[in-house]
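An overview of the molecular structure
The lines below spell out each chain.
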Amino acid sequence: MVDKPTAAELEVLAVLWDIEQGSVRQVHEKLSETKETGYTTTLKIMQNMHAKGLVSRDEEKRSHIYKAAISQEDTQQSLVKSFIGKAFGGSAKKLVMQALGQSEPSREEIKEIRAFLDKIENDSQ
């Protein structure tokens, strides 16, 4: 991964992953639905993200169009791997136990978790 995105950059990436591409204004409007933020703040974050290689920018039109330069899946994998290493001493078991202990998964979620664990177990044999 290029640079790990900050929390604010992850919010911008989430918008871009959702809409696939957009201008600063479009991203800002989406972000403004859930939090107070200034247009110039969004602009600066996206400019910094471009410099870091987190987004690409098409400069052919008057309004620059941005796209995520990193995939959602790769970003999530990298962040989770780093988080497990730092917060749980590298133990996926500790992470899962903590996550399940902090929430009340539905029967459907438990069923999906069991199926995923069965798949992992079968793949490792």
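For clarity, every value in this text was computed on a predicted model and none was experimentally measured.

Thresholds, definitions, all that
Residues numbered from 1 in each chain as written. Predicted model: local features only at pLDDT ≥ 70, side-chain atom pairs only at ≥ 80, totals over all residues. Heavy atoms only, no water. Core = buried A, V, L, I, M, F, W, Y, C linked by side-chain atoms within 4.5 Å. Buried < 20%, exposed > 50% of the residue type's maximum accessible area, 1.4 Å probe, protein only. Helix = DSSP H or I, 4+ residues; strand = E, 2+ residues; numbered from the N terminus. Contact = heavy atoms within 4.5 Å. Expected span 1.5 Å × (residues − 1). Arc of directions from axis to C-beta. Salt bridge = Lys/Arg side-chain N within 4 Å of Asp/Glu carboxyl O. Pairing = 2+ DSSP bridges.

**Quick word on the nonpolar core**
Residues Val12, Leu16, Val27, Met46, Met49, Val55 and Tyr66 are the most contacted members of the largest nonpolar core, which totals 14 residues. The set of elements that each furnish at least two residues to this core consists of helix H1 (7–19), helix H2 (24–32) and helix H3 (39–52). Discounting residues that sit within four places of it in the chain, Val12 has contacts with Val27, Leu31, Ile45, Met46 and Met49.

**A short note on the environment of Pro5**
If you trace the backbone, Pro5 turns up in the segment before H1. For the pair Pro5 and Met49, spaced 44 residues apart in the sequence, the C-alpha separation amounts to 8.2 Å. What Pro5 contacts, discounting residues up to four positions off in sequence, is Leu10, Leu13, Leu54 and Thr75.

**Some words on H3**
Residues lying three or four places apart along an α-helix face the same way, a consequence of the helix completing one turn every 3.6 residues. Look at H3: 20 Å from first C-alpha to last across 14 residues, which is about the 20 Å you get at 1.5 Å a residue. Turning to H3, its buried residues are Thr42, Ile45, Met46 and Met49. Looking down the long axis of H3, one finds its buried residues gathered within 95° of arc, a one-sided arrangement. Of the exposed residues in H3, those oriented more than 90 degrees away from the buried face are Thr40 and Ala51. The secondary structure elements touched by the buried residues of H3 are H1, H2, strand E1 (55–58) and strand E2 (65–68). Just beyond H3, the residue with positive phi is Gly53, at close to 85°.

**Observations concerning the pattern of salt bridges**
Scanning the entire structure with this criterion turns up five salt bridges. Here Asp18 makes a salt bridge to Lys30, at a shortest N to O gap of 3.8 Å. Linking Asp18 in helix H1 with Lys30 in helix H2, this pair joins segments that are 12 residues apart in sequence. Glu59 is paired through a salt bridge with Arg57; the nearest N and O atoms lie 2.8 Å apart. A residue is classified by how much of its surface remains accessible, and Glu59, at 47% relative accessible area, is partly exposed.

**Brief notes about the pairing of E1**
Sheet analysis places E1 next to E2, joined by four bridges and oriented antiparallel. In the sheet register, Ser56 faces E2, and the bridge partner there is Lys67. Connecting E1 to the antiparallel partner E2 that follows it, the hairpin turn spans six residues.

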